[in-house]
Amino acid sequence: MTFQSVITMKEGVHHILLTGRVDSATAGEFEQTLKNLFDTEGSKVILNFAGLNYISSAGLRVVLMAAKRAKQNQGRLVLCGLLPHVREVFEISGFLKILEVIGDCEQALSLLKA
Amino acid sequence: MATPPVELRNKRLLLDYQLPSQLGEIAKLAEAVEGVLPNRPDLAFTANLCLEELITNTINYGLSGAPDRVIRVRISLSDDWLEILLKDDAPPFDPFAEAPTPDLDLDIDERPIGGLGVHMVKSMMDAAHAYYDGSGNLIVLLKTLRS
């Protein structure tokens, strides 16, 4: 299974649906997906992980870069729907302490559009 | 961390795989690993994550991106342990001794990009060692089967 992402705009929030796997071979594609999202000040982005089965440090690197850019440009990045084993990868890396991670994606949307 | 025994009881080989040294090959290895651990998707995930982190390091740094080398992967199960062996023909390198431990308490602005791969392997495995035998590096990983 390879990596796919679909971006939609809902009520002023970018919603990015991720599917497949982010590994060292597909992290570049993931990086392209997120690249320009925080160029404009105050961007709101939801990363929907519900269909993502696998992420390694190559993918975490891309998430961290996006989170840093979001902070610099007064944007907001929320991760939602992480499968338990994927969540554990974020936990081990200390990312749950520094990123906004919410279980339910509907809740993430209502939080951001408020 | 649990302490692994010196002897692995009833060890049987599940997978003996020759991986061409290209990042795009790792997903195929992952499928093979899932195929030999059908009843333990949790273990297959952990094995695949650790394999990818170490293989990516070997390809990018140890082999300087050379696409025509072979990395050998062997996975075995004993009564109590999953054993993973990785063998390359790169110059001597011990990731477990040389990779710095990341500071996980830093704020988002201070966290460096990268440097997490070896930390993940050490966190997820019960034992991780690297040896150099004159022809390449041998990495031995052990993980308890207790979930």
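As shown above, the structure is provided for reference.
Procedures and definitions
- Residues numbered from 1 in each chain as written.
- Chains lettered and ligands numbered in written order.
- Predicted model: local features only at pLDDT ≥ 70, side-chain atom pairs only at ≥ 80, totals over all residues.
- Heavy atoms only, no water.
- Contact = heavy atoms within 4.5 Å.
- Buried area = accessible area lost by both parts, 1.4 Å probe.
- Salt bridge = Lys/Arg side-chain N within 4 Å of Asp/Glu carboxyl O.
- Polar contact = N/O pair within 3.5 Å; in protein donor to acceptor, adjacent residues only side chain to side chain.
- Helix = DSSP H or I, 4+ residues; strand = E, 2+ residues; numbered from the N terminus.
- Nonpolar A, V, L, I, M, F, W, Y, C, P; charged D, E, K, R; others polar.
- Core = buried A, V, L, I, M, F, W, Y, C linked by side-chain atoms within 4.5 Å.
- Buried < 20%, exposed > 50% of the residue type's maximum accessible area, 1.4 Å probe, protein only.
- Disulfide = S-S within 2.5 Å.
- Axes fitted to C-alpha atoms, helices over the stretch in contact; angles between N-to-C directions.
- Parallel < 35°, antiparallel > 145°, perpendicular 65-115°, else oblique.
- Left-handed = near helix turned anticlockwise from the far one by under 90°.
- 1 Å grid on protein atoms, 1.4 Å probe; cavity = no way out; pocket = protein on both sides within 12 Å on 5 of 7 lines; lining within 4 Å.
- Points joined across faces, edges and corners; volume = space filled by probe spheres on them.

(A) Seen up close, the interface of chain B and chain A. Each side of the interface is counted separately: chain B has 29 residues, and chain A has 28 residues. A per-residue breakdown of the area chain B buries against chain A is headed by Phe45(B), Ile108(B) and Ile113(B), which together make up 30% of the total. In this assembly, chain B and chain A are joined by 3 salt bridges. The shortest N-O distance in the salt bridge between Asp105(B) and Lys97(A) comes to 2.6 Å. Seen at the junction of chain B and chain A, the total is 15 residue pairs in polar contact (both at pLDDT 80 or more). Looking at the side of chain B that touches chain A, the elements with two or more residues in it are helix 1 (26–36), helix 2 (41–62) and helix 4 (117–124) of chain B. The biggest single contributor to the side of chain B that touches chain A is helix 2 of chain B, with 6 residues. The residue makeup of the side of chain B that touches chain A, split by class, is 14 nonpolar, 7 polar and 8 charged.

(B) Spotlight on the nonpolar core. Counting 76 residues, the largest nonpolar core has Phe49(A), Phe90(A), Ile55(B) and Leu141(B) as its most contacted members. Setting aside residues up to four positions removed in sequence, Leu141(B) forms contacts with Cys50(B), Leu54(B), Leu82(B), Glu83(B), Ile84(B), Phe96(B), Val121(B), Met125(B), Ala127(B) and Ala128(B). Ile46(A), Val78(A), Leu109(A) and Leu112(A) belong to the second largest nonpolar core, which has 9 residues in total.

(C) Highlighting the state of the cysteines. Residues and elements named next belong to chain A. All chains considered together, the criterion is met by 1 disulfide over all chains. The residue that forms a disulfide with Cys-80 is Cys-105, at a sulfur-sulfur distance of 2.1 Å. The disulfide joining Cys-80 to Cys-105 has a torsion of about 100 degrees about its S-S bond and is therefore right-handed. Pair noted here: Cys-80 is in strand 4 (residues 76–80) and Cys-105 is in helix 4 (residues 105–113), with a separation of 25 residues, a long-range link.

(D) A look at the packing of helix 3 (residues 84–92) of chain A against helix 4 of chain B. For the pair helix 3 of chain A and helix 4 of chain B, the least separation of the axes is 10 Å and the interaxial angle reads 115 degrees. Considering the angle they form, helix 3 of chain A stands roughly perpendicular to helix 4 of chain B. In this structure, helix 3 of chain A crosses over helix 4 of chain B, and the sense of that crossing is right-handed. Across the interface between the two elements, Glu88(A), Val89(A) and Ile92(A) of helix 3 of chain A pack against His119(B), Met120(B), Ser123(B) and Met124(B) of helix 4 of chain B. Tallied by class, residues from the contact of helix 3 of chain A with helix 4 of chain B come to 4 nonpolar, 2 polar and 1 charged.

(E) Broad picture of empty space enclosed by the protein. Tallying each qualifying case throughout the model produces 2 cavities of 30 Å³ or more. Here the largest cavity is characterised by a volume of approximately 50 Å³. If you go around the largest cavity, the residues you meet are Leu54(B), Ile55(B), Thr58(B), Ile71(B), Leu86(B), Lys87(B), Asp88(B), Asn137(B) and Ile139(B). When residues of the lining of the largest cavity are traced back to their parent elements, those giving at least two are helix 2, strand 3 (81–87) and strand 5 (137–144) of chain B. Take the lining of the largest cavity: its biggest share by element is 3 residues, from helix 2 of chain B. Partitioned by chemical class, the residues of the lining of the largest cavity number 5 nonpolar, 2 polar and 2 charged. The volume enclosed by the second largest cavity comes to roughly 30 Å³. Every residue lining the second largest cavity is listed: Arg21(A), Tyr54(A), Ile26(B), Leu29(B), Ala30(B), Asn48(B), Leu51(B) and Glu52(B). Sorting the residues of the lining of the second largest cavity by element identifies helix 1 and helix 2 of chain B as the ones contributing at least two each.

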